[in-house]
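Reading the structure
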Amino acid sequence: MLKTNICGVEFQNPLMLAAGIMGSNASSMNWILKSGAGGVVSKSFSLNPHPGYVNPTTVAVEGGIINAIGLSNPGVENFKEELKKIEREDNVVIASIYGATPDEFSKLVEEVQEYVDMIELNISCPHAMDGYGASIGQSCDLSHTIVSASADASDVPIIAKLTPNVTDITEIAKTCEDAGADCLSLINTLGPGMKINIDVAKPVLSNKFGGMSGRAIKPIAVRNVYSVYEAVDIPLIGVGGIYTFEDVVEFIFAGARAVQIGTAIMDEGVDVFAKINEGLEKFMAEKGYNSIDEMVGIAHD
Amino acid sequence: MLKTNICGVEFQNPLMLAAGIMGSNASSMNWILKSGAGGVVSKSFSLNPHPGYVNPTTVAVEGGIINAIGLSNPGVENFKEELKKIEREDNVVIASIYGATPDEFSKLVEEVQEYVDMIELNISCPHAMDGYGASIGQSCDLSHTIVSASADASDVPIIAKLTPNVTDITEIAKTCEDAGADCLSLINTLGPGMKINIDVAKPVLSNKFGGMSGRAIKPIAVRNVYSVYEAVDIPLIGVGGIYTFEDVVEFIFAGARAVQIGTAIMDEGVDVFAKINEGLEKFMAEKGYNSIDEMVGIAHD
Amino acid sequence: MINEPKIVEITEIIEETPTIKTFKFNWDFEKLGRPNPGEFLMIWNFNNEKPMSISQINDNELAITVKNIGEFTSQLHDLEVGSQIGVRGSYGHGFDNSFKGKRIIAIGGGVGMAPVNAIASYLAKDNDVSVISAAQTKDELLFLDSLKDIGVNVYPCTDDGSFGFEGFATNCLEDLLEDATYDYAFVCGPEIMMKGIFEILEASEIPGQYSLERYMKCALGVCGQCCVDSEGWRICVEGPVFENDKINQITEFAKYRRDASGVKY
Amino acid sequence: MINEPKIVEITEIIEETPTIKTFKFNWDFEKLGRPNPGEFLMIWNFNNEKPMSISQINDNELAITVKNIGEFTSQLHDLEVGSQIGVRGSYGHGFDNSFKGKRIIAIGGGVGMAPVNAIASYLAKDNDVSVISAAQTKDELLFLDSLKDIGVNVYPCTDDGSFGFEGFATNCLEDLLEDATYDYAFVCGPEIMMKGIFEILEASEIPGQYSLERYMKCALGVCGQCCVDSEGWRICVEGPVFENDKINQITEFAKYRRDASGVKY
Ligand SMILES: Cc1cc2nc3c(=O)[nH]c(=O)nc-3n(C[C@H](O)[C@H](O)[C@H](O)COP(=O)(O)OP(=O)(O)OC[C@H]3O[C@@H](n4cnc5c(N)ncnc54)[C@H](O)[C@@H]3O)c2cc1C
Ligand SMILES: Cc1cc2nc3c(=O)[nH]c(=O)nc-3n(C[C@H](O)[C@H](O)[C@H](O)COP(=O)(O)OP(=O)(O)OC[C@H]3O[C@@H](n4cnc5c(N)ncnc54)[C@H](O)[C@@H]3O)c2cc1C
Ligand SMILES: Cc1cc2nc3c(=O)[nH]c(=O)nc-3n(C[C@H](O)[C@H](O)[C@H](O)COP(=O)(O)O)c2cc1C
Ligand SMILES: Cc1cc2nc3c(=O)[nH]c(=O)nc-3n(C[C@H](O)[C@H](O)[C@H](O)COP(=O)(O)O)c2cc1C
Ligand code: FES
Ligand code: FES
């Protein structure tokens, strides 16, 4: 009943782990899969190891957190070893990759595609170093170049992950579709935002700004999914502030075929996947929905 | 101690009512002033009466509300009668105006400037009709045209109110400064966002989307103020999710010379102004700040 | 209180009069809050959303009583048992319901009987409650039997004298006051009627509360649509119910109001 | 628990050893939460933010005990009484402190004595508590006097024999186990030491809890930085304290860890 299909990839249920949350090694991703997720997206990684920003890299704000972890990762060589150890049977494994140039992206695609079912392009991290993350996803030109290079290099479906921090997300979405993205995921963290500690008159995060995630960003994520659904024909994955099955339903009704869950793990633990699946199944039974498919995008009617 | 000065206009304290919250007539604005605000910004009005969107026009979300009131207003002729009745002595009265063309803006400026101390241009409402609100403030060209026309027509300081829903707010901020804005206020509502009711699979707002306000948007508002402070030389007014004196201090440290308060009135009532002033004064005394001036922008050091 | 619409099913519809229907639905008091008489709800029929007083407060069940006067209310009248509506609230400063052992007079004109029914029912057990239920004509009289059943002294009153007292609610009140007096009054109806009642009660030194209506959008106290001259109070937060001393400060009372644009009429 | 740094002033600094200092500060238990022994804090010195165990839990007062081993910890050692730091937490799954009337052995190696001091102090009143305080040399031994003062049996132990038992904590434990047994153990120190202790205690069938360290960023359970093989547990949430059955499942225990990039070493 909970099965969903994206670009021919079959998910046991529409829930997956969002990039950068706990997905730093095979062990934690296997744990998430055992806990009920239909798929996992890895922490975003790059060609070379990267330590990320100095702490503080996270701070709580009303309705969520802001973070500027800074895309720390052990580099593709090390990460490949992790990917190999993920339980792929019945589970969908997605590598999230980042870089600054088309070359870096296509190299990463080539390196990892045999170990994963899909590849997500992080062109949307709002606190990445200049030239990385949202610097790409905030420009149609750069998005086109990076998505094309990645799609050309890839045998597995390519997901472009979008930033909400643009004047018009549908423009970027259409560009990515044109460039060959098979799927879009949205949204990456919002803002970015800032928390200033007033006792010391300093921004808390060492990077000053950080992307906002958690419950508070859900309305904006839902609206972005809704808008992009009307703009493109490729499938969408919703992400942003999902804590409950009700949240998942909102995203599906807005047009998502699956969702990713991140910050909720902080508050609800890894049990959140099983809890949501249970609630979702009950909801569908009660309302008479037979499949996720039937539910996708019906808030547009 | 709480006095602040913006473009030569003296405020008894740095708190004012944000546009569109309760500011629909002279009576409510006088009440806000009596309750402790140093100034009031009127509901945004246009040349002709406008009924706004059909209800539902507001709905609660985590950390705030989303609204698409739709800029309802009784038109400048009626609104002038209200402006005349506001207690201006010792209080700062600001008219918020909106339109689609430079002509509409300059006419509005001419109509109302004798009754107010400053004029705020709403070029940032994220759910306005096409051509209005954020359609202007999301384009450097349109922002320049509208701000220039308004500044040219005006004898009182012009505040351009900015939308956070752009790829790069500093670009728009600099454009407004170049075009002759004397001051910037930021941010208007975020997103916009959407709430879908899952029992009926429909967006709740009749306009589907609505701008998000309230506690949850504060980190993003603070970051925008912080970024724009480094980009322009004109004074800034901070707005977005302010509920407590601590919030006000955050905005001032980020670079605001005054702040506007909106959605907090829903949760805290009009007493919020007096409560914040009291807390702010105590904080300043404890930390040894003698004036708002001393505090502006010090999180940049 | 809940600030996003909760979807409920209409469980019962009562055709009170040719133009007025009562709609009942379940409302989980523990989860959604237990409303007080005088508070109102925002009713969403998926085309529009408008304020309606609560006319009955039962155990985990509420009712609204709606007069068909325009597009929205006629759509509500088309609802059937089992139909869904969205409900948020309850909102507003309701009636003072703390009375015990008092002589209470409650006066409702037309569909203004909705909140009057709620407060009269609430107070009937512990007080001596009289209700003037006023309407233009016999067919439009509301809640006569149900109020009588719970021990309220009901004084029907019709403009045309087709049933009960002949004349306006004001005349009926004056009539009653010749033989009786009351400790406290509750009033809801057309503003011109409330104005007349207000003057009579003031003259008789009977304190009371009056329930007002203004155009509403947010019902949350933010949009400013419902603010009244000259204190600026919000009908959706400081109101809809006001004590008589406050009524005097509402200078627009029985004079003018504002439409959706804010234009006075 | 508080997830944004709370600014506190250092009220007292104790120079425990040439390389280790204890810093005390006030912590309003009602507002900020009452930590349990074994939990840790994130300490922000406005340049960086790193995890530190709570070494003392007094009335509305906490202490951390810091070994100067690098840039951050040496900056902490430069703090003075009155200096400010930012503190968030407390975090983590701490020690089980529900024991009464038991024979407890707590073993701390080096600055690993910090959380051991907290749990030993907590349990001393209602249990028979013994502590092995191990260090390389006499000068580096921690908390001998303060623990004795509250009735703990303290067994100092130095690698070089400059004070107390000569040898490693493992040897000292074996020595004690010849004449005594214990109901429960608490262990914190270098992982290689904890590994040795673990094996001895397993062999003696003494259950216990072990406090681990991994590189931390968020301490909120989101960043994944501190996840350990092969169950994926987060040291900041499921840890830092683990029961012995769980230690067996942490396959990287005493083998490797990950740096800020996630590279194993
Ligand atoms: C606090 C409060 C309690 C109310 N309780 C009841 C009740 O118990 N029973 C009942 O039948 N009616 C009640 N009303 C009035 C009810 O809201 C209107 O009758 C209804 O909105 C009319 O809508 P319509 O589309 O049918 O008519 P329209 O033709 O749209 O309007 C007719 C008149 O209704 C009023 N109205 C319209 N829209 C609104 C709005 N959004 N908010 C407020 N007034 C509006 C205006 O005065 C308008 O001139 C109450 C109003 C308020 C403010
Ligand atoms: C749960 C927990 C409790 C701790 N309790 C104490 C304590 O009570 N007293 C004490 O002195 N130390 C404690 N530490 C260790 C302390 O965090 C490190 O000693 C400190 O971070 C070293 O920083 P540095 O800049 O001085 O040294 P560096 O030269 O930066 O690092 C030295 C070593 O410290 C570790 N380290 C560095 N940064 C971090 C980080 N962000 N998170 C975790 N480990 C890091 C690494 O193993 C590194 O190799 C604890 C660590 C954890 C995880
Ligand atoms: C600590 C943290 C780290 C993140 N790292 C990444 C990342 O490496 N790559 C990426 O594409 N998104 C990253 N994100 C964004 C999330 O994948 C997700 O888009 C966002 O947090 C919104 O979802 P949520 O509200 O469920 O957390 C990160 C988010 C957080 C909170
Ligand atoms: C109901 C409502 C109506 C608003 N109307 C206007 C408006 O007319 N003009 C305008 O510039 N901003 C308008 N705003 C935006 C506010 O002025 C403010 O920028 C925003 O709400 C963020 O501040 P807050 O979080 O304190 O509410 C409105 C906001 C709300 C919630
Ligand atoms: S209806 Fe919006 S303030 Fe009353
Ligand atoms: S430090 Fe981030 S998950 Fe543990």
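Residues numbered from 1 in each chain as written. Chains lettered and ligands numbered in written order. Predicted model: local features only at pLDDT ≥ 70, side-chain atom pairs only at ≥ 80, totals over all residues. Heavy atoms only, no water.

Chain C goes by Dihydroorotate dehydrogenase B, electron transfer subunit in an unreviewed UniProt entry, where it is assigned to Methanobrevibacter thaueri. According to the UniProt record, the Sequence similarities (unreviewed entry) comment for chain C reads "Belongs to the PyrK family." (UniProt positions renumbered as here; feature names shortened; annotations may be inferred.)

An unreviewed UniProt entry lists chain A under the name Dihydroorotate dehydrogenase, with Methanobrevibacter thaueri as the source organism. One UniProt comment on chain A, placed under Catalytic activity (unreviewed entry), says "(S)-dihydroorotate + A = orotate + AH2". In its Function (unreviewed entry) section, UniProt records this for chain A: "Catalyzes the conversion of dihydroorotate to orotate."

Our focus in this paragraph is the site of ligand 4. Near ligand 4 you find 23 residues, and of these B:A19, B:S44, B:K161, B:G241 and B:T263 are the closest. Chain contributions to the surroundings of ligand 4 come from chains B and C. In the environment of ligand 4, an oxygen atom lies 2.9 Å from a nitrogen or oxygen atom belonging to the backbone of B:G214. At 3.0 Å from an oxygen atom of ligand 4 is found a main-chain nitrogen or oxygen belonging to B:G262. Contact with the protein chains covers 99% of the free accessible surface of ligand 4, which is 600 Å². Split into classes, the residues belonging to the shell around ligand 4 amount to nine nonpolar, twelve polar and two charged. (Near = heavy atom within 4 Å. Polar contact = N/O pair within 3.5 Å; in protein donor to acceptor, adjacent residues only side chain to side chain. Areas by Shrake-Rupley, 256 points an atom, 1.4 Å probe, with all protein chains shown as cover. Nonpolar A, V, L, I, M, F, W, Y, C, P; charged D, E, K, R; others polar.)

Here the focus is the interface of chain A and chain B. Taken together, the 39 residues of chain A in the interface contact 39 residues of chain B. Contact with chain B buries area across many residues of chain A, yet A:T167, A:I198 and A:R223 alone supply 18% of it, more than any other trio. Counting across the chain A and chain B interface gives four salt bridges. As a salt-bridge pair, B:K195 and A:E250 come within 3.2 Å of each other at their nearest N and O atoms. Linking chain A with chain B are eleven residue pairs in polar contact (both at pLDDT 80 or more). Here the residues of the side of chain A that touches chain B are counted per class, giving 23 nonpolar, six polar and ten charged. (Contact = heavy atoms within 4.5 Å. Buried area = accessible area lost by both parts, 1.4 Å probe. Salt bridge = Lys/Arg side-chain N within 4 Å of Asp/Glu carboxyl O.)

All names here are of chain D. Turning to its location among the elements, K21 is positioned in strand β2 (residues 20–26). Assessed through its relative accessible area of 15%, K21 is described here as buried. Along the chain, K21 and T65 lie 44 residues apart, while their C-alpha atoms are 5.6 Å from each other. Here K21 is in contact with I13, I14, E15, E16, I64, T65, V66 and H77, once residues within four sequence places are set aside. Side-chain polar atoms of K21 contact the backbone oxygen of H77, separated by 2.8 Å. (Helix = DSSP H or I, 4+ residues; strand = E, 2+ residues; numbered from the N terminus. Buried < 20%, exposed > 50% of the residue type's maximum accessible area, 1.4 Å probe, protein only.)

With that out of the way, let us pick up the sheet that holds strand β4 (residues 39–41) of chain A. The pairing of strands in a sheet happens through backbone hydrogen bonds and is either parallel or antiparallel. Residues and elements named next belong to chain A. The eight strands are arranged β3-β4-β7-β8-β9-β10-β15-β16 in a closed barrel whose pairing can be described as parallel. The average undirected angle you get between the axes of adjacent strands in this sheet is 25°. Sheet topology note: the strand β3 (residues 15–17)/strand β16 (residues 256–261) ladder contains three bridges and is parallel. Within β16, the position partnered with L15 by the bridge is V259. Contacting β10 (183–186), β15 (236–239) and β16, helix α7 (residues 218–231) runs over the sheet at an angle of about 165° to β15. The strands touched by helix α10 (residues 272–287) within the sheet are β3 and β16, with β3 carrying the most contacts at an inclination of about 165°. (Pairing = 2+ DSSP bridges. Axes fitted to C-alpha atoms, helices over the stretch in contact; angles between N-to-C directions.)

Residue and element names in this part refer to chain B. Turning to its location among the elements, S124 is positioned in the loop between β8 (118–122) and α4 (134–137). Along the primary structure S124 and Y243 are separated by 119 residues, whereas in three dimensions their C-alpha atoms are 22 Å apart. Among residues more than four places away in sequence, those in contact with S124 are G133, A134, K161, L162, T163 and N188. At a separation of 2.8 Å, a polar atom in the side chain of S124 contacts the main-chain carbonyl oxygen of K161.

On to the UniProt feature "binding site: substrate" (unreviewed entry) in chain A. All names here are of chain A. As annotated in UniProt, the feature "binding site: substrate" (unreviewed entry) corresponds to K43, N67, A68, I69, G70, L71, N122, N188 and T189 in the numbering used here. Examined against the element boundaries, N67 turns out to sit in strand β6 (residues 64–67). Classification of N67 by relative accessible area gives buried; the value is 14%. Filtering out sequence-adjacent residues up to four positions away, N67 remains in contact with T57, T58, H127, T189, L205, G210 and G211. Secondary-structure assignment places N188 in the loop between β10 and β11 (190–194).

Time to look at the nonpolar core. In summary, soluble globular proteins display a tendency toward joint burial of nonpolar side chains. Core analysis: the biggest nonpolar cluster contains 292 residues, and A:L83, A:L184, A:F253, B:L83, B:L184 and B:F253 have the highest contact counts within it. Excluding residues that lie within four positions of it along the chain, A:L83 makes contacts with A:S42, A:F45, A:V93, A:A95, A:V112, A:Y115 and A:V116. (Core = buried A, V, L, I, M, F, W, Y, C linked by side-chain atoms within 4.5 Å.)

Under the present numbering, the feature "domain: FAD-binding FR-type" (unreviewed entry) in UniProt falls on residues 3–97 of chain C. Secondary structure across residues 3–97 of chain C divides into 12% helix and 53% strand, with the first and last C-alpha atoms of the span separated by 24 Å.

All right, on to the side chain of C:R258 then. Looking at the secondary structure, you find C:R258 in the segment after α7 (244–247). At 3.0 Å, the side chain of C:R258 forms a polar contact with the side chain of B:E82. Among all residues touching C:R258, those that are not within four sequence positions of it are B:N25, B:E82, C:Y215, C:Q225, C:C227, C:D229, C:E252, C:V263, C:K264 and C:Y265.

Right, let's talk about the arrangement of the chains for a bit. Spatially, chain A and chain C are disjoint, and the shortest separation between their C-alpha atoms is 13 Å. The closest approach of any C-alpha atom in chain B to one in chain D is 13 Å; the two make no contact.

So, about the packing of aromatic side chains. One pass over the full model with this rule turns up 32 aromatic pairs over all chains. For the pair A:F45 and A:F79, a centre-to-centre distance of 4.6 Å together with 15° between the ring planes defines the contact as stacked. Pair noted here: A:F45 is in the loop between β4 and β5 (58–61) and A:F79 is in helix α2 (residues 76–84), with a separation of 34 residues, a long-range link. Here the two residues A:F45 and A:F79 agree in accessibility, since each one is buried. Measuring from ring centre to ring centre gives 5.4 Å for D:F198 and D:Y210, while their planes differ by 75°; the resulting arrangement is edge-to-face. Of this pair, D:F198 sits in helix α6 (residues 191–203) while D:Y210 sits in strand β12 (residues 208–211), placing them twelve residues apart in sequence. (Phe/Tyr/Trp six-rings, centres within 6.5 Å; stacked < 30°, edge-to-face > 60°.)

So, about the relation of the copies chain A and chain B. Taken as rigid bodies, chain A and chain B are interconverted by a rotation of 180° and an axial shift of 0.0 Å, the fit giving an RMSD of 0.0 Å. Here the copies are linked by what is in effect a two-fold axis. Comparing interface residues between copies, 100% of those in chain A also lie at the interface in chain B; the contact surface is shared. (Least-squares fit on C-alpha atoms with pLDDT ≥ 70 in both.)

Take the domain arrangement of chain C next. Residues and elements named next belong to chain C. Looking at chain C, the domain boundaries give domain 1 (2–91) and domain 2 (103–211). Distance between the C-alpha centres of domain 1 and domain 2: 23 Å. Residue-level contacts link 14 residues of domain 1 with twelve residues of domain 2. When the buried surface of domain 1 facing domain 2 is broken down by residue, P37, S55 and T65 rank first, second and third, together holding 36% of it. Put simply, domain 1 and domain 2 have zero salt bridges between them. Taken together, the connections running from domain 1 to domain 2 amount to four residue pairs in polar contact (both at pLDDT 80 or more). The dominant element in the side of domain 1 that touches domain 2, judged by the number of residues it contributes, is strand β4 (residues 49–58), at four residues. (Domains from an automatic or database assignment.)

Right, let's get into the sheet that holds strand β11 (residues 184–188) of chain D. All names here are of chain D. As summarised here, the arrangement of the seven strands in space is β10-β9-β8-β7-β11-β12-β13, forming an open sheet in which the pairing is mixed. Of all the strands in the sheet, just β10 (165–166) and β13 (241–243) have a single pairing partner and so form its edges. Across the face of the sheet, helix α5 (residues 169–179) comes into contact with β7 (103–109), β8 (128–135), β9 (153–158) and β10 while running at roughly 150° to β8. Against the sheet, α6 touches β7, β11 and β12, its axis set at about 165° to β11.

On to helix α3 (residues 113–124) of chain D, then. Residue and element names in this part refer to chain D. When the terminal C-alpha atoms of α3 are compared, their 15 Å separation across twelve residues agrees well with the 16 Å that a helix rising 1.5 Å per residue should span. Counting buried positions along α3 gives ten out of twelve residues, so the element sits mostly inside the fold. Regarding α3, the residues found buried are M113, A114, P115, V116, N117, A118, I119, A120, L123 and A124. Residues of α3 that are buried in the fold lie against β4 (49–58), β5 (61–67), β7, β8, α4 (144–149) and β11. (Expected span 1.5 Å × (residues − 1).)

So, on to the UniProt feature "binding site: [2Fe-2S] cluster" (unreviewed entry) in chain C. Residues and elements named next belong to chain C. Here the UniProt-annotated "binding site: [2Fe-2S] cluster" (unreviewed entry) positions come out as C218, C223, C226 and C236. In three dimensions, the annotated residues from a span of 19 residues occupy one location, with a maximal C-alpha spread of 10.2 Å. For C218, the position within the fold is in the loop between β12 (208–211) and β13 (241–243). Relative to the assigned elements, C226 resides in the loop between β12 and β13. Once you skip the residues sitting within four places of it in the chain, C226 turns out to touch R214, Y215, M216, W233, R234, I235 and C236.

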